[in-house]
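Inside the fold
Letter by letter, the chains look like this.
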Amino acid sequence: MLGAEATTFKNAFRSREGFKFFIETHDTALDKHGHPGTKQPWSNEDLDPTPPEKRTWRWWNFVTFYLGLSFGNWALGSTTVGIGLNWWESILVIFASQLISSVAMFFNSRCASVSHIGHPVVARSVFDISVYSGASFMSNILRCIFGHGYTDIPNYIPDSVGITTQGMLAFLLFWLVHFPSCAFRPYQLRGFFWFKSIIVLPAVWGLFIFYMANTKGNVGSVYASKITGSKGWFIMYAINSGMGNTATLITNQPDIARWSRTESGAQWSQLVTQPLYWSASTRFAVFLSAFVWMVSVLGTNIAANMIPFGSDSSMLFTRYITIPRGQYIVESLAFGICPWKILSSASVFATFLSGYGLFMASVVAIIICDYYLLTRGNVFIGYLYDGTRSNKHHYYHRGWNIQGVIAYLCGIALPFPGFVGTLGATVSTRATDLGRLGWLLSFTVSFVVYYVLCKVWPAKNQKLIKEMGLRWEKQKGDAVVAADGTRIVEEGNIFRVLGETSDGTELGQEAYVVDKRY
């Protein structure tokens, strides 16, 4: 296999055809049978349903995955303390936000666990920043190894940029650490997340015990609260920031759940694990702590940033981008967003988190409402790869689900003025308070509006499901019926394609090996 990939890579620089073959993804069975009469690609290996051989995640893999991610809440905890809450209020706020997030993830996991499709394809059924924090731990590692050789590096970067030469060096090195992981898909990273969860737990408790011993339990100024105005609304703002911290994971939960071996493995495991919150005298101890935290941030970046971007970009440019290629792209964009500016203060970071979640909540609400209440868990997978008018289930109105668009706009409309106010504009107190409700308000409004709209004005697919009398998740199964009627069965790494007549008579058989290139 490696020899074939090496030959393909060499040929890419020898001819135009070789280069085209190298950068293009190959047609899958769903692409060959999914949209008769058009050559536009709608799928590749990463958009196809996950074949059985890649459904490698058991429930304990999801436990270690979310257990490792839960340790990342240290940044959120320090942020809530920095903007005015005391230590125990911060713990309660974070627990509340992570519990709400877990419930949303629980429901958003089901479709992917049953149908084995990622977020971009799930979204078709309804709709047609952490690198710098890891760099701070890399900086501590460099300081422990090189001492004054690192700390005495002169700064040549202007103060207005917001980062020093030392910090930029640490950022560059941590950025490079990400590159090997870009080549892997989620089902290949189980071991890494297991390793992360094992090493972080003792490091967290060790660091906590160390500081409590050194300070004799006197945590000083973190008890001081500097809140102005209504504390209740301020706490809602903090919870909303906590929701923003997991907004990507909530929305792109199908990109993780699709690799589950069982239908419920991705649901109950994270519902219990995700809400968990864990709150140097010697150079070597500092080095170990910094290394562990750096690994923790690396895992969070992979799960919350790289995998979602890789999955989503593979849908935008199906012919050329797969999950690994998308991960390389987003890694290359890390410098462009200047993350050191986002993490420059607690208030800026909280504003970023609260605004980020605002636009994601409505998407999750519509997907969950459609799956559980309106289509009864019935997704016609074969039609998710057909963008033609002949698609009777998921084409909607010229490719747009008007009801979904209206519900999305309604969801972001109420809290949006308050979000604008956090950016410096002058808005009313009422708008500010609605903005502090952020994720929760957007989710609730979009959910209710979409449900009511579809009951009064149902989409074509919802009408068909009602007419067909389909019960809960009646369409689930490993067999996929393409738009042209071809039956596609996934077995191991082989797509077995059977053409059948209306009475089930077998007409022929084709076999397509899953393309391993990226």
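The model shown is predicted, which means the values in this text are computed figures rather than measured ones.

Focus: the overall build of the protein chain
Across its full length, the protein chain carries 23 helices and 4 strands. Taken over 518 residues, the protein chain has a buried fraction of 50%.

Some details on the environment of Trp-439
Within the secondary structure, Trp-439 is located in helix H22 (residues 429-456). When the C-alpha positions of Trp-439 and Ala-361 are compared, they lie 5.4 Å apart, and in sequence the two are 78 residues distant. Not counting the four nearest positions on each side in its chain, Trp-439 is found in contact with Ile-100, Ala-104, Asn-240, Met-243, Ile-250, Gly-357 and Ala-361.

Topic: helix H20 (residues 402-413)
The end-to-end C-alpha distance of H20 is 16 Å, a good match for the 16 Å that 12 residues give at a rise of 1.5 Å each. Listing the buried residues of H20 in full gives Gln-403, Gly-404, Ala-407, Gly-411 and Ile-412. The buried residues of H20 occupy an angular sector of 155° when projected down its axis, which confines them to one face.

Focus: the environment of Ser-362
Examined against the element boundaries, Ser-362 turns out to sit in helix H19 (residues 346-374). Overall, the relative accessible area of 0% leaves Ser-362 in the buried class. Placed 84 residues apart in sequence, Ser-362 and Ser-446 show a C-alpha to C-alpha distance of 5.4 Å. Those residues in contact with Ser-362 that sit more than four places away from it in its chain are Tyr-408, Gly-411, Ile-412, Ser-442 and Ser-446.

Topic: the packing of H20 against H22
It is the contact of H20 with H22, at a shortest axis distance of 8 Å, that shows an interaxial angle of 150°. By the angle between their directions, the pair H20 and H22 is classed as roughly antiparallel. Between H20 and H22 lies a crossing whose hand is right-handed. Residues Gln-403, Gly-404, Ile-406, Ala-407, Tyr-408, Cys-410, Gly-411 and Ile-412 of H20 form the contact with H22, whose participating residues are Ser-442, Val-445, Ser-446, Val-449, Tyr-450, Leu-453 and Cys-454. Classifying every residue of the contact of H20 with H22 by side-chain character gives 10 nonpolar, 5 polar and no charged.

As for the packing of aromatic side chains
Across all of its chains, the model carries 16 aromatic pairs by this definition. Each ring, one from Phe-359 and one from Phe-419, has its centre 6.0 Å from the other, and the planes form 85°; the classification is edge-to-face. In this pair, Phe-359 sits in helix H19 while Phe-419 sits in helix H21 (residues 416-422), placing the two residues 60 residues apart along the sequence. Judged by relative accessible area, Phe-359 falls into the partly exposed class, the value being 29%. Between Phe-443 and Phe-447, the ring centres sit 6.0 Å apart and the planes meet at 25°, which makes this aromatic pair stacked. Within this pair, Phe-443 and its partner Phe-447 are both found in helix H22, separated by 4 residues, close to a single helical turn. A residue is classified by how much of its surface remains accessible, and Phe-447, at 23% relative accessible area, is partly exposed. Ring pairing ties together the aromatic residues Trp-57, Phe-62, Phe-65, Phe-192 and Phe-193, which thus form one cluster.

Things to note about a nonpolar patch on the surface
Residues Leu-373, Ile-406, Val-448, Tyr-451, Val-452, Val-456 and Trp-457 make up a contiguous nonpolar surface patch of about 630 Å² in total accessible area. Of the residues forming the nonpolar patch, the biggest block, 4 residues, is contributed by H22.

Notes on the side chain of Thr-56
Relative to the assigned elements, Thr-56 resides in the loop between helix H3 (29-34) and helix H4 (59-70). Classification of Thr-56 as buried rests on a relative accessible area of 11%. Excluding anything up to four places from it in sequence, Thr-56 contacts Asn-61, Tyr-187, Arg-190, Trp-259 and Arg-261.

A look at the pattern of salt bridges
All chains considered together, the criterion is met by 5 salt bridges. A salt bridge links Arg-185 to Asp-46; the shortest N-O distance between them is 2.5 Å. For the pair shown, Arg-185 and Asp-46 are each scored as buried. Among the charged side chains, a network of salt bridges with common partners joins Glu-45, Asp-46, Lys-54 and Arg-185.

Conventions we followed
Residues numbered from 1 in each chain as written. Predicted model: local features only at pLDDT ≥ 70, side-chain atom pairs only at ≥ 80, totals over all residues. Heavy atoms only, no water. Helix = DSSP H or I, 4+ residues; strand = E, 2+ residues; numbered from the N terminus. Buried < 20%, exposed > 50% of the residue type's maximum accessible area, 1.4 Å probe, protein only. Contact = heavy atoms within 4.5 Å. Expected span 1.5 Å × (residues − 1). Arc of directions from axis to C-beta. Axes fitted to C-alpha atoms, helices over the stretch in contact; angles between N-to-C directions. Parallel < 35°, antiparallel > 145°, perpendicular 65-115°, else oblique. Left-handed = near helix turned anticlockwise from the far one by under 90°. Nonpolar A, V, L, I, M, F, W, Y, C, P; charged D, E, K, R; others polar. Phe/Tyr/Trp six-rings, centres within 6.5 Å; stacked < 30°, edge-to-face > 60°. Patch = residues over 30% accessible without salt bridge, like charges linked within 9 Å, V, L, I, M, F, W, Y side chains within 5 Å. Areas by Shrake-Rupley, 256 points an atom, 1.4 Å probe, with all protein chains shown as cover. Salt bridge = Lys/Arg side-chain N within 4 Å of Asp/Glu carboxyl O.

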